[in-house]
Amino acid sequence: SILILDFGSQYSHLITRRCRELGVYCEMLPCTQKMADLSWKPTGIILSGSPYSVYAPDAPHVDPAVFEAGVPVLGICYGLQEIAKTFGGNVEPHSHREYGHAQIQIVKTGVAHADALFEGIQHGPEGLQVWMSHGDQLTSLPPNFMTVAHTPTSPFTAIAHESRPIYGVQFHPEVTHSPRGKEVIGSFVKNICGVRDGWSMDTFIPKEIARIREICGDKGQVIGAVSGGVDSTVAAKLMHEAIGDRFHAIMVDNGVLRLDEAKKVKKMLTEDLGVNLTVVDASDLFLGRLAGVEDPEQKRKIIGNTFIEVFEEKAAEIEKECAADSSKGPIEWLLQGTLYPDVIESISFKGPSAVIKSHHNVGGLLEDMKLKLIEPLRELFKDEVRALGRLLDIPAHLVGRHPFPGPGLAIRILGEVTREQVAILQHADEIYIAEIRAAGLYDQISQAFAALLPVRAVGVMGDARTYDQVIALRAVSTEDFMTADWFEFPASVLKKISSRITNEVRGINRVVYDITSKPPGTVEWL
Ligand code: XMP
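All values reported here derive from a predicted model rather than from experimental measurement.

Colleague: For the UniProt feature "binding site: ATP" (unreviewed entry) in the protein chain, give the residues involved together with the corresponding values.
Modeller: On the UniProt side, "binding site: ATP" (unreviewed entry) is annotated at positions that read Ser227, Gly228, Gly229, Val230, Asp231, Ser232 and Thr233 here. Turning to its location among the elements, Gly229 is positioned in the loop between β10 (221-225) and α6 (230-243). Looking at the element boundaries, Ser232 is found in helix α6. Setting aside chain neighbours within four positions, we find Ser232 in contact with Ala225, Val226 and Ser227.

Colleague: Residues and numbers for the sheet that holds strand β14 (residues 372-374), please.
Modeller: Strand order in the open sheet made by the 5 strands is β12-β11-β10-β13-β14, with parallel pairing throughout. Since the sheet does not close on itself, it has two edges, and those belong to β12 (277-281) and β14, each with one partner. When the angles between neighbouring strand axes are averaged without regard to direction, this sheet yields 30 degrees. Here β10 pairs with strand β13 (residues 331-335) via 4 bridges, running parallel. For Gln221, the partnering residue across the bridge sits in β13 and is Ile331. Running at roughly 155 degrees to strand β11 (residues 247-253), α6 makes contact with β10, β11, β13 and β14 of the sheet. Its contacts with the sheet place helix α9 (residues 296-323) against β10, β11, β12 and β13, and it is angled at close to 145 degrees to β11.

Colleague: Explain helix α15 (residues 491-504) to me, using residue names and the numbers behind them.
Modeller: Between its first and last C-alpha atoms α15 spans 20 Å; for 14 residues at 1.5 Å apiece the expected length is 20 Å, and the two agree. Turning to α15, its buried residues number three or more, namely Val493, Ile497 and Ile501. Seen from one end, α15 has its buried residues packed into an arc of 55 degrees, which puts them on one side. Away from its buried face by more than 90 degrees, α15 exposes Ala491, Ser492, Lys495 and Asn503.

Colleague: Tell me about the packing of helix α5 (residues 201-216) against α6, and please be specific about residues and values.
Modeller: The geometry of α5 relative to α6 is characterised by a closest axis approach of 9 Å and an angle of 65 degrees between their N-to-C directions. Taken together, the axes of α5 and α6 lie roughly perpendicular to each other. Crossing of α5 over α6 shows right-handed handedness. On α6, the residues touching Phe204, Ile205, Glu208, Ile209, Ile212, Arg213 and Cys216 of α5 are Leu238, Met239, Glu241, Ala242 and Ile243. Split by residue class, the contact of α5 with α6 holds 9 nonpolar, no polar and 3 charged.

Colleague: Residue-level account of the site of the ligand, with values.
Modeller: In the region of the ligand, the neighbouring residues are Arg300, Pro405, Gly406, Pro407, Ile411, Gln447, Phe481, Lys518, Thr522, Val523 and Glu524. Contact between the ligand and Arg300: an oxygen atom at 2.6 Å from a side-chain N or O atom of the residue. The separation between an oxygen atom of the ligand and a polar side-chain atom of Gln447 is 2.6 Å. Contact with the protein chains removes 69% of the 490 Å² of surface that the ligand exposes when unbound. For the shell around the ligand, the class distribution of residues is 5 nonpolar, 3 polar and 3 charged.

Colleague: Describe in detail the nonpolar core, supporting the description with residues and values.
Modeller: In this structure, Tyr432, Ile436, Ile471, Phe489 and Ile501 are the most contacted members of the largest nonpolar core, which totals 49 residues. Excluding residues that lie within four positions of it along the chain, Ile436 makes contacts with Leu441, Tyr442, Ile445, Ala448 and Phe489. One finds Met28, Ile46, Val169 and Val343 within the second-largest nonpolar core, a separate group that totals 42 residues.

Colleague: Tell me about the packing of aromatic side chains, residues and numbers included.
Modeller: Tallying each qualifying case throughout the model produces 12 aromatic pairs. Ring geometry for Phe67 against Phe87: centres 5.3 Å apart, planes inclined by 85 degrees, an arrangement best described as edge-to-face. Taken as a pair, Phe67 in the loop between β3 (44-47) and β4 (73-76) and Phe87 in the loop between α2 (78-86) and β5 (90-106) lie far apart in primary sequence, 20 residues in all. On the basis of relative accessible area, Phe67 is assigned to the buried category, the value being 4%. Here Phe87 falls in the partly exposed class, since its relative accessible area comes to 21%.

Analysis parameters
Residues numbered from 1 in each chain as written. Predicted model: local features only at pLDDT ≥ 70, side-chain atom pairs only at ≥ 80, totals over all residues. Heavy atoms only, no water. UniProt positions renumbered as here; feature names shortened; annotations may be inferred. Helix = DSSP H or I, 4+ residues; strand = E, 2+ residues; numbered from the N terminus. Contact = heavy atoms within 4.5 Å. Pairing = 2+ DSSP bridges. Axes fitted to C-alpha atoms, helices over the stretch in contact; angles between N-to-C directions. Expected span 1.5 Å × (residues − 1). Buried < 20%, exposed > 50% of the residue type's maximum accessible area, 1.4 Å probe, protein only. Arc of directions from axis to C-beta. Parallel < 35°, antiparallel > 145°, perpendicular 65-115°, else oblique. Left-handed = near helix turned anticlockwise from the far one by under 90°. Nonpolar A, V, L, I, M, F, W, Y, C, P; charged D, E, K, R; others polar. Near = heavy atom within 4 Å. Polar contact = N/O pair within 3.5 Å; in protein donor to acceptor, adjacent residues only side chain to side chain. Areas by Shrake-Rupley, 256 points an atom, 1.4 Å probe, with all protein chains shown as cover. Core = buried A, V, L, I, M, F, W, Y, C linked by side-chain atoms within 4.5 Å. Phe/Tyr/Trp six-rings, centres within 6.5 Å; stacked < 30°, edge-to-face > 60°.

Here's what the structure looks like:
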């Protein structure tokens, strides 16, 4: 597999992404990784871009052993400059930064391994279109290197060593703005590195199941929380496939879930997927603690802390049952549905002195219960988890489900959370989502939900005036939830939803649609 060494560029994780799309397994580690400490031998190494200048006093550098590992190396942007610096080339700040689209001219060197980088990649007479983003550039080639591509302003846009498989490109092949960039990465990883070990969900499942079995041994028990969301369901099903009933799923009903959610999840996980699940109805406890609380951060804190308390209590019960049965071992592991984007956050290179932060938010649980963390999805992106879910026969409507926040409806009820308010919102949300599905729009929307605004608006029903509350509908499309656009519903769909909610949900006499993008709004109302 391919080792990606990260110098902290905002695009680093896209290199991983492209390799995966090419069916190539890869792992990203901080650029400070010592080769001698690596437990596996990479088939090739890619050096990422960076916000640093290679000549800055605090600039990060790779272990020189990278170039002595006897495997091909590709440097991207800063990675190219790092190669140039290591081999004695010259890098200087450029008089005009190259940023945005550029056309590069590919040079035929006649040296087979050097020409391999761009071999077979189609482009017009004007050159290959790529995306640039750099301030420094190479002003002289290191000894024994050749130019394999250039632009009018940058004579060394791509370079290769004369006899060794060491390459550098100034542009960013990993971004989609370089339309053929993925093919350049493909040339490197497949043709030059010769990687054959395919990465696909089909091969992922047996490998991961074998890994889980090895980790958990013959007797160890695993516990994990499930929410009804995609990640925890897929993780739970995978654990069940690997170790059967030695995996104990716990679902906490916190009283602020969607309509009949606990019942539906129980049915799906136990009857359809065979997972060993206990549902704990703690809604009274949660709603009791939420009484009178209006501040959203306070609501989040109460729900988070109460969750840990309830979960630990249930886990302790399971522990006791296991202890009474000599064929069972102790609970040793806590399952988490951590995905690769969370892992990236914790492994990205953040500067020479930055402390690598932990990405999981269950530290308390791990310490109190002396558990070790097991994260079978930690190498996957969200769409890969969905693909995995489909292969594991998880129903399609669940695999494509929108995200739902941990604090649930509590952050969608403005003001105090009471059983009555929860019931109103559950009902309105159920109608909203059902109508979105009926209109065939669910999969075009990234997240949709209803919020309850506790204002009294005037209305008229029959001959009487009403003073009832307002439902706000939200639907957004987004790639990563950092920015989002509001979704443009056909008016007829909104009309139907509004009519159904005002007619069917008692206590609501008005429905509004939220037309705020993020920023300046957020996805949630609280
Ligand atoms: P915002 O409102 O920050 O939402 O634009 C972005 C995404 O995060 C979800 N979200 C949360 N998820 N606990 C969660 O587990 C929370 O407290 C929380 N707040 C927001 C939100 O639903 C959206 O998907």
